[in-house]
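Below, each chain spelled out in residue letters.
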Amino acid sequence: MERPASPQMASSSPDSPCSCDCFVSVPPASAIPAVIFAKNSDRPRDEVQEVVFVPAGSHTPGSRLQCTYIEVEQVSKTHAVILSRPSWLWGAEMGANEHGVCIGNEAVWTKEPVGEGEALLGMDLLRLALERSSSAQEALHVITGLLERYGQGGSCLEDPVPFSYHSTFLLADRTEAWVLETAGRLWAAQRIQEGARNISNQLSIGTDISVQHPELRTHAQAKGWWDGQGAFDFAQVFSLTQQPVRMEAAKARFQAGQELLRQWQGGITAEVMMGILRDKESGICMDSEGFRTTASMVSVLPQDPTQPCVHFLTATPDPSRSVFKPFIFGVGVAQAPQVLSPTFGAQDPVRTLPRFQTWVDRRHTLYCGHQAALELMESDQDRGQQLQQKQRDLEQEGLKATHGLLASEWAPPLQELGSLFQAFVKRESQAYA
């Protein structure tokens, strides 16, 4: 199928529309003894995001692993993961693993130039870290180690015009969170042990650096970006001198996110995070030009290790008109087929060279039903309101069930927990049918 016309994007240009927002609340900012993670993934408006479950695995020593563009050395054991990802690539925009580690990533541009060659995408680094880590801090070490060995690069959009960027990450587990910000192979990280934090497509770590690349400061000095005197402010030293319009817009979203978190300080719950992700006035719920929020995720990571972590995923665009559905790792977890996109093997436009010269239909069943529902909401007010009420009722049912679970008021069989997400996806699909 010939590729439809798409907005022209200059390679590696920070003026091109691209945005995401990640949030985390660590007690005492949370209303409950849990770390709460959230992310909106803002991508090209017609890009399909699927939710993929990958079970834990054992691998042959010395085997190779094909990521989006390049191969890396595989490890002997990988953890089970749930991923929300653009369906054309190997990595993920956000996800969690069976040990309660959650990661979200963001695009960022700095004084360090974006490489033109293909390497690991930031989204590949995210998935690799989830598969190989049992804590947020370990995930940070995995990402920085892979960054040093393989670098980051390659087009981040399914488009014949290359579009590349570097990445920032928000990593969380049951006890703490980390912000990791990169510039090429260089990086700085900040540990968050209490309070709330957000990131939005810009460098945000100042002088409060917890750990950094060993050559970070000497590189900045050699480039003339820092004189070696006084405090070293990572964001100030590595941010572009002339901020493009898109980066200014990200700054406004970052400040709005900070304010929303401040307003809810001490009372942040999964529902509060969902409300923040649905905030259109601030731009956090994105719908701008050719981009929109294509998928969303909220995770509750209890500090009590005997309690399960709960991950709510939409698998559909526009969280203000989507259902956050609960996923829990456990016995009987399997792929929900309604949120899995079709595959195209060796004929996939990402596999054939030159890449992305043709277009394929990657819409999954739930995506198609949801798109029809959005059209109905816009064309028939009464029926649209009824459908939106069905969405809210289904979401509330999932929230009520997981509240009962975390309060030890509901103790279903393990098999039922493992199939919870599948059940809610099926019911949402039926509502649209």
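Scroll up to find the structure.
Residues numbered from 1 in each chain as written. Predicted model: local features only at pLDDT ≥ 70, side-chain atom pairs only at ≥ 80, totals over all residues. Heavy atoms only, no water.

(A) Fine view of the packing of helix H7 (residues 365-379) against helix H8 (residues 381-406). The interhelical angle for the contact between H7 and H8, taken along N-to-C directions, is 135°, at an axis separation of 6 Å. Overall, the two elements H7 and H8 adopt an arrangement that is oblique. For the element pair H7 and H8, the recorded crossing hand is left-handed. In contact with His-370, Ala-373, Leu-376, Met-377 and Ser-379 of H7, H8 contributes Gln-381, Arg-383, Gly-384, Leu-387, Gln-388 and Gln-391. Tallied by class, the residues present in the contact of H7 with H8 amount to 4 nonpolar, 6 polar and 1 charged. (Axes fitted to C-alpha atoms, helices over the stretch in contact; angles between N-to-C directions. Helix = DSSP H or I, 4+ residues; strand = E, 2+ residues; numbered from the N terminus. Parallel < 35°, antiparallel > 145°, perpendicular 65-115°, else oblique. Left-handed = near helix turned anticlockwise from the far one by under 90°. Contact = heavy atoms within 4.5 Å. Nonpolar A, V, L, I, M, F, W, Y, C, P; charged D, E, K, R; others polar.)

(B) Examining unusual backbone geometry more closely. Of note, the bond from Pro-27 into Pro-28 is cis; its omega dihedral lies within 30 degrees of zero at 10°. As for its placement among the helices and strands, Pro-28 is situated in the loop between strand S1 (19-26) and strand S2 (34-44). Going from Leu-353 to Pro-354, the amide bond is cis rather than trans, its omega being -10°. For Asn-201, which is not a glycine, the phi torsion comes out positive at approximately 55°. Here Asn-201 lies in the loop between strand S14 (195-199) and strand S15 (211-212). Not every positive phi belongs to a glycine, and Phe-356 is a case in point at roughly 60°.

(C) Layout of the sheet that holds strand S12 (residues 177-183). Judged by pairing direction, the sheet is antiparallel, and its 8 strands sit side by side in the order S3-S8-S9-S10-S11-S12-S13-S15 without closing on themselves. Each end of this open sheet is capped by a strand with a single partner; those strands are strand S3 (49-54) and S15. Two strands pair when backbone bridges link them, and strand S10 (residues 102-108) and strand S11 (residues 166-172) are joined in this way by 7 bridges, in the antiparallel orientation. Bridge pairing in S11 places Glu-106 opposite Thr-168. (Pairing = 2+ DSSP bridges.)

(D) Structural detail: the nonpolar core. Ranked by internal contacts, the top residues of the largest apolar core, which has 81 residues, are Phe-232, Phe-234, Phe-238, Met-273, Val-298 and Phe-312. Among the elements that make up this core, the one with the highest residue count is helix H6 (residues 270-277) (6 residues). Phe-232 has contacts with Gly-206, Thr-207, Ile-209, Leu-216, Arg-217, Ala-220, Trp-226, Val-237 and Phe-238, leaving out every residue within four places of it along the chain. Formed by 48 residues, the second largest nonpolar core is a distinct cluster that contains Cys-67, Ile-70, Trp-109 and Phe-291. (Core = buried A, V, L, I, M, F, W, Y, C linked by side-chain atoms within 4.5 Å. Buried < 20%, exposed > 50% of the residue type's maximum accessible area, 1.4 Å probe, protein only.)

(E) Spatial organisation of the side chain of Arg-321. Relative to the elements of secondary structure, Arg-321 occurs in the loop between strand S18 (310-313) and strand S19 (325-327). For Arg-321, a relative accessible area of 17% gives the class buried. With residues near it in sequence (within four places) discarded, Arg-321 still touches His-370, Leu-374, Met-377, Glu-378, Gln-388, Gln-391 and Arg-392.

(F) Region of interest: empty space enclosed by the protein. Summed over all chains, the structure comprises 3 cavities of 30 Å³ or more. Here the largest cavity defines a volume of roughly 50 Å³. Around the largest cavity, the lining comprises 13 residues; the ones closest to its centre are Ile-82, Phe-327, Ala-334, Ala-336 and Phe-421. Elements that contribute at least two residues to the lining of the largest cavity include exactly S3 and helix H10 (420-432). In terms of residue count, S3 provides more of the lining of the largest cavity than any other element does, 3 residues in total. Along its surface, the second largest cavity is lined by Leu-120, Leu-121, Gly-122, Gln-152, Gly-153, Gly-154, Cys-156, Tyr-165 and Ser-167. In the lining of the second largest cavity, the residues fall into 4 nonpolar, 5 polar and no charged. (1 Å grid on protein atoms, 1.4 Å probe; cavity = no way out; pocket = protein on both sides within 12 Å on 5 of 7 lines; lining within 4 Å. Points joined across faces, edges and corners; volume = space filled by probe spheres on them.)

(G) How the structure looks around the environment of Arg-64. Checked against the element boundaries, Arg-64 lands in strand S5 (residues 64-66). Counting along the chain gives 10 residues from Arg-64 to Gln-74, while the straight-line C-alpha distance between them is 5.2 Å. There is a polar contact of 3.5 Å between the side chain of Arg-64 and the backbone oxygen of Glu-71. (Polar contact = N/O pair within 3.5 Å; in protein donor to acceptor, adjacent residues only side chain to side chain.)

(H) Summary view of the state of the cysteines. The tally for this structure, following the rule as stated, stands at 0 disulfides. In this model Cys-309 remains outside any disulfide bridge; the closest cysteine sulfur is found in Cys-102, 6.9 Å from its own. In this structure Cys-309 comes out as buried when scored by relative accessible area, which is 7%. (Disulfide = S-S within 2.5 Å.)

(I) Inspection of H8 at higher detail. Taking 1.5 Å of rise per residue, the 26 residues of H8 would be expected to cover 38 Å, and the 37 Å separating its terminal C-alpha atoms lies within 8% of that figure. Every buried residue of H8 is accounted for by Gly-384, Leu-387, Gln-391, Leu-394, Glu-395, Gly-398, Leu-399, Ala-401, Thr-402, Gly-404, Leu-405 and Leu-406. Just beyond H8, the residue with positive phi is Ser-408, at close to 60°. (Expected span 1.5 Å × (residues − 1).)

(J) Fine view of the packing of aromatic side chains. Applying the stated criterion across every chain, the model contains 11 aromatic pairs. For the pair Phe-234 and Phe-238, a centre-to-centre distance of 5.2 Å together with 35° between the ring planes defines the contact as tilted. Residue Phe-234 and its partner Phe-238 are located together in helix H4 (residues 234-238), separated by 4 residues, close to a single helical turn. The exposure class of Phe-234 is buried, given its relative accessible area of 0%. When the ring of Phe-327 is compared with that of Phe-329, the centres are 4.9 Å apart and the planes differ by 85°; the resulting orientation is edge-to-face. With respect to burial, Phe-327 and Phe-329 carry one shared label: buried. Geometry around Trp-90 places Arg-127 over its ring, the cationic atom sitting 4.0 Å from the centre. Sitting over the ring of Phe-424, Arg-427 keeps its end group 5.7 Å from the ring centre. (Phe/Tyr/Trp six-rings, centres within 6.5 Å; stacked < 30°, edge-to-face > 60°. Lys NZ or Arg CZ within 6 Å of the ring centre and 35° of its normal.)

As far as function goes, none of this settles anything; it's purely spatial.
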